[in-house]
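Below, each chain spelled out in residue letters.
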Amino acid sequence: MFQNSRNRALKRKMNDLNKQIAKLGEKIESERLNNKLVNINIYDGKLWNFVRPFKCKKQNIPTLNGTANIALTDIEKANCLANSLETQFTLNNISDTNTENTVKHSVERFRTLNVKCTDTDLPSPSEVLDCIKKLKNNKAPGIDNVSNMMIKKLPHNVIFYLTFLFHKILILGHFPQRWKTATVVPILKPGKDPTQPSSYRPISLLSSISKIAEDILSRFNKHLIENNILCKEQFGFRTNLFTSHQLLRVAEYVYEGFINKQKTGAVFLDIQKAFDSLAGCPHP
């Protein structure tokens, strides 16, 4: 009712009810933990499993103010955040004919490239093992719950199986869909209202094995550079090319303008949620 009328009395009533609900939830949770602690068996190894979650730093998401209702339970909060992210990740309306043709021609160019993996391009078990050693121990696992420490403890025969799997990915040109599926965790932005779903940014936790495959697939960068497939203006995600180089490039244009007694114009765009907008672009 407050969302429609904006009545301050209703807002105070709503805040009081939210506080009562929060206290009731804390009481129920406290009673549940007390009962579990009293009835736990200290001789079957379950005590450590009970204590372990309390050692982890966990971010508690408060009650969220959704567009239609208030999210109180974990499921309601998850759905509220999912709806907010879905609204942010809307598909861009690409209606310009020239842009569509340019994208179409670029995609067709990549599809017509005759790129085949040779034996020298395929990774060796030692290369896969080196990629595994570079994994950080404290990184969270993906949807498969396989942590980096588990991968580092794998026996050598499993390394050979992984190497064979990566060979098939390179030869067939197929990346498993399961490795593209991520566990999305909401992180509160600094200084933002924690009760608003739009105040959270998502981080995606991918499978650790998929990260090893991505490291192996980075060998294609050499092919892209040698065949001049990437445009020269692209500086991101390229070796020895940084955003500071682009700033120097702009500074050189301005300096040349001063030398030649010319005026230099520049247009800077500061796009809110730029990554979210680009992430929602349709894939051709």
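Just so it is clear, the structure is predicted and the values come from calculations on it, not from any experiment.

What to know about the overall build of the chain
Move 1: Counting secondary structure elements, the chain contains 12 helices and 4 strands.
Move 2: Taken across its 284 residues, the chain has 18% of its residues classed as buried.
Move 3: The long-range share in the chain, meaning contacts at least 24 apart out of those at least 6 apart in sequence, stands at 58%.
Move 4: Counting only carbon and sulfur atoms, one obtains 57% of the accessible surface of the chain, whose full area is about 22500 Å².

Description of the nonpolar core
Nonpolar side chains in soluble globular proteins tend to be buried together.
Move 1: Core analysis: the biggest nonpolar cluster contains 17 residues, and Val-128, Ile-132, Phe-166, Trp-179 and Ile-212 have the highest contact counts within it.
Move 2: Element by element, the count of residues in this core is highest for helix 8 (residues 156–172), at 5 residues.
Move 3: If you look at the next biggest cluster of nonpolar residues, it comprises 6 residues, including Ile-61, Leu-64, Cys-80 and Leu-81.

What about helix 8?
Move 1: Spanning 17 residues, helix 8 covers 25 Å between terminal C-alpha atoms, matching the ideal 24 Å at 1.5 Å per step.
Move 2: Taken together, the buried positions of helix 8 are Ile-159, Leu-162, Thr-163, Phe-166, Ile-169 and Leu-170. The buried residues of helix 8 occupy an angular sector of 115° when the element is viewed end-on, so they sit on one face. Set apart from the buried face of helix 8 by more than 90 degrees, the exposed residues are Phe-160, Tyr-161, Phe-164, Ile-171 and Leu-172.

Details of the pattern of salt bridges
Move 1: Per the stated rule, a full pass over the model turns up 2 salt bridges.
Move 2: For the salt bridge of Asp-215 with Lys-134, the shortest nitrogen-to-oxygen distance reads 3.2 Å. Placement of the pair is Asp-215 in helix 9 (residues 208–217) and Lys-134 in the loop between helix 6 (125–133) and helix 7 (148–152), with a sequence separation of 81 residues.
Move 3: According to the relative accessible area criterion, Lys-134 is exposed, its value standing at 57%.

Focus: the packing of helix 6 against helix 9
Move 1: The contact between helix 6 and helix 9 brings their axes to 10 Å, and the two run at 125°. Comparing the axis directions of helix 6 and helix 9 gives the class oblique. With respect to the hand of their crossing, helix 6 and helix 9 are arranged in right-handed fashion. Residues Glu-127, Val-128, Cys-131 and Ile-132 of helix 6 form the contact with helix 9, whose participating residues are Ile-212, Asp-215 and Ile-216.
Move 2: Its residues placed into classes, the contact of helix 6 with helix 9 shows 5 nonpolar, no polar and 2 charged.

Considering the packing of aromatic side chains
Move 1: Enumeration according to the criterion identifies 2 aromatic pairs in this entry.
Move 2: Ring geometry for Phe-175 against Trp-179: centres 5.6 Å apart, planes inclined by 70°, an arrangement best described as edge-to-face.
Move 3: A relative accessible area of 18% means that Phe-175 is categorised as buried.

Remarks on helix 9
Helical geometry: 3.6 residues make up each α-helical turn, so side chains three or four residues apart lie on a common side.
Move 1: The complete set of buried residues in helix 9 reads Ser-208, Ile-209, Ser-210, Ile-212, Ala-213 and Ile-216.
Move 2: Those residues of helix 9 that are buried lie in contact with helix 6, helix 7 and helix 8.

Side note on the confidence of the model for the chain
Move 1: Residue-level pLDDT values for the chain average 79, and 80% of them are 70 or greater.
Move 2: Across the chain, element-level confidence peaks in helix 6 with a mean pLDDT of 90 and bottoms out in helix 12 (residues 274–279) with 52.
Move 3: Low confidence marks residues 279–284, where pLDDT is under 50. Its contacts with residues over four positions away, or in another chain, come to 12 contacts.

Description of unusual backbone geometry
Move 1: One non-glycine residue, Asn-145, adopts positive backbone phi at about 60°.
Move 2: Residue placement: Asn-145 occurs in the loop between helix 6 and helix 7.
Move 3: Unlike most non-glycine residues, Lys-261 shows phi in positive territory, near 55°.
Move 4: Secondary-structure assignment places Lys-261 in the loop between helix 11 (243–259) and helix 12.
Move 5: For Lys-261, a relative accessible area of 80% puts it in the exposed group.

Structural notes on a nonpolar patch on the surface
Move 1: On the surface, a nonpolar cluster with roughly 230 Å² of combined accessible area is contributed by Leu-17, Ile-21 and Leu-72.
Move 2: Within the secondary structure, Ile-21 sits in helix 2 (residues 8–39).

Examining the packing of helix 6 against helix 8
Move 1: It is the contact of helix 6 with helix 8, at a shortest axis distance of 9 Å, that shows an interaxial angle of 105°. Judged by the inter-axis angle, helix 6 sits roughly perpendicular to helix 8. Judged by residue contacts, Pro-125, Val-128, Leu-129 and Ile-132 of helix 6 engage Ile-159, Phe-160, Leu-162, Thr-163 and Phe-166 from helix 8.
Move 2: For the contact of helix 6 with helix 8, a count of residues per class yields 8 nonpolar, 1 polar and no charged.

Rules and cut-offs
Residues numbered from 1 in each chain as written. Predicted model: local features only at pLDDT ≥ 70, side-chain atom pairs only at ≥ 80, totals over all residues. Heavy atoms only, no water. Helix = DSSP H or I, 4+ residues; strand = E, 2+ residues; numbered from the N terminus. Buried < 20%, exposed > 50% of the residue type's maximum accessible area, 1.4 Å probe, protein only. Contact = heavy atoms within 4.5 Å. Areas by Shrake-Rupley, 256 points an atom, 1.4 Å probe, with all protein chains shown as cover. Core = buried A, V, L, I, M, F, W, Y, C linked by side-chain atoms within 4.5 Å. Expected span 1.5 Å × (residues − 1). Arc of directions from axis to C-beta. Salt bridge = Lys/Arg side-chain N within 4 Å of Asp/Glu carboxyl O. Axes fitted to C-alpha atoms, helices over the stretch in contact; angles between N-to-C directions. Parallel < 35°, antiparallel > 145°, perpendicular 65-115°, else oblique. Left-handed = near helix turned anticlockwise from the far one by under 90°. Nonpolar A, V, L, I, M, F, W, Y, C, P; charged D, E, K, R; others polar. Phe/Tyr/Trp six-rings, centres within 6.5 Å; stacked < 30°, edge-to-face > 60°. pLDDT = per-residue confidence, 0-100. Patch = residues over 30% accessible without salt bridge, like charges linked within 9 Å, V, L, I, M, F, W, Y side chains within 5 Å.

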